[in-house]
Amino acid sequence: MNDAPMPYCGPAPAPGQLWQAWNLDLLLLVGLAAFSVLLWRAAGRQGRGGAALALLALVVAFVSPLCALTVALFSARAAHHVLLTTVAAPALAVALPLLPRLPVSLSLAALSAAIIAWHLPTVYWAIWASDGFYWIMQAAMLVPAWIFWSGVLSPGITAEAALRRALFVGGLAGIMGLVGAALTFAPGVLYIQHVDGAARWGLPALADQQLAGLIMWVPGFLPLAALAFLMLRRGWQRGFAA
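How each quantity is defined
Residues numbered from 1 in each chain as written. Predicted model: local features only at pLDDT ≥ 70, side-chain atom pairs only at ≥ 80, totals over all residues. Heavy atoms only, no water. Disulfide = S-S within 2.5 Å. Helix = DSSP H or I, 4+ residues; strand = E, 2+ residues; numbered from the N terminus. Buried < 20%, exposed > 50% of the residue type's maximum accessible area, 1.4 Å probe, protein only. Contact = heavy atoms within 4.5 Å. Polar contact = N/O pair within 3.5 Å; in protein donor to acceptor, adjacent residues only side chain to side chain. Axes fitted to C-alpha atoms, helices over the stretch in contact; angles between N-to-C directions. Parallel < 35°, antiparallel > 145°, perpendicular 65-115°, else oblique. Left-handed = near helix turned anticlockwise from the far one by under 90°. Arc of directions from axis to C-beta.

Q: Describe the state of the cysteines, with residues and values.
A: All told, the structure shown has one disulfide when counted by the stated rule. Between the sulfur of Cys9 and that of Cys67 lies a disulfide, 1.6 Å long from S to S. Taking the torsion about the S-S bond as the criterion, the Cys9 to Cys67 disulfide, at about -55°, is left-handed. Here the residue Cys9 occupies a position in the segment before helix H1 (26–62), and Cys67 occupies one in helix H2 (residues 65–72), the gap between them amounting to 58 residues. By relative accessible area, which is 14% here, Cys9 ends up buried. Under the relative-accessibility criterion, Cys67 is labelled buried at 1%.

Q: With reference to specific residues and values, describe H2.
A: Among the eight residues that make up H2, eight are buried, leaving the element largely enclosed by the rest of the structure. Listed in full, the buried residues belonging to H2 are Pro65, Leu66, Cys67, Ala68, Leu69, Thr70, Val71 and Ala72. Where H2 is buried, its residues meet H1, helix H3 (74–95), helix H5 (121–129), helix H6 (131–152) and helix H8 (195–200).

Q: If you had to explain the side chain of Thr70 to someone new, which residues and values would you point to?
A: Mapped onto the elements of the fold, Thr70 is located in helix H2. Here the side chain of Thr70 touches Arg77 through a polar contact of 3.5 Å, side chain to side chain. Not counting the four nearest positions on each side in its chain, Thr70 is found in contact with Cys9, Ala76, Arg77, His80, Tyr124, Trp128 and His194.

Q: Would you mind going over the packing of H2 against H3 in detail, with residue names and values included?
A: At their nearest, the axes of H2 and H3 sit 6 Å apart, and the two run at 135° to each other. In terms of orientation, H2 lies oblique with respect to H3. Crossing of H2 over H3 shows left-handed handedness. Along its contact with H2, which presents Leu66, Leu69, Thr70 and Ala72, the element H3 presents Phe74, Ala76, Arg77, His80 and Leu83.

Q: Which residues make up H5, and what are the values?
A: Residues of H5 that are buried: Val123, Tyr124, Ile127 and Trp128. With its buried residues spanning 140° around the axis, H5 presents them on a single face. Those residues of H5 that are buried are in contact with H2, H3, helix H4 (104–118) and H6.

Here it is in structure tokens:
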């Protein structure tokens, strides 16, 4: 499987090499630094906790050895996606809401399409082969997620709006669960790019793929489902209190 092109984040690290595999791409570091300054200034005092969490999540996702690990293990790629959509994006929404009045259904549709597209083997190969397409697809997932959470987490909502938002969060949980199920129960290896990398970590590629499905389910689906339930409950309670 060594005929695959070199993806962004570099070669797949072996276990003993992981903590040396930081991504020090100068353009990335400059871009993150500039974005950090802009976000910190725009967030204000109330949003700086969210800004700090968002920036930490982005550094972990793209600078830390997790970036290189996504080249070795598809399960690390799944963890990367969960980190962006359920940690970085809602933290960005708290720090600086992006288009909060846009219908949540539109951002959910765009985010769902990006998540599904990422897991199509033909699209994944294109992402693997092109740094430009890699970043386009990262943006295609992170920006709709940022807009989605900006709408879901915006303050001052009615009971009816809270119920609708709970359904939207449940919809995102359903997408995570659907992709997780597809990865877990696929009869064969879908991403041959990870065969050698998984072997270096002592995993058959199919087991790595199944682990990716479990990551989409457990840290992906379950917290979102729990959040949707809490939002539904609060909306229901507000409806009775009105």
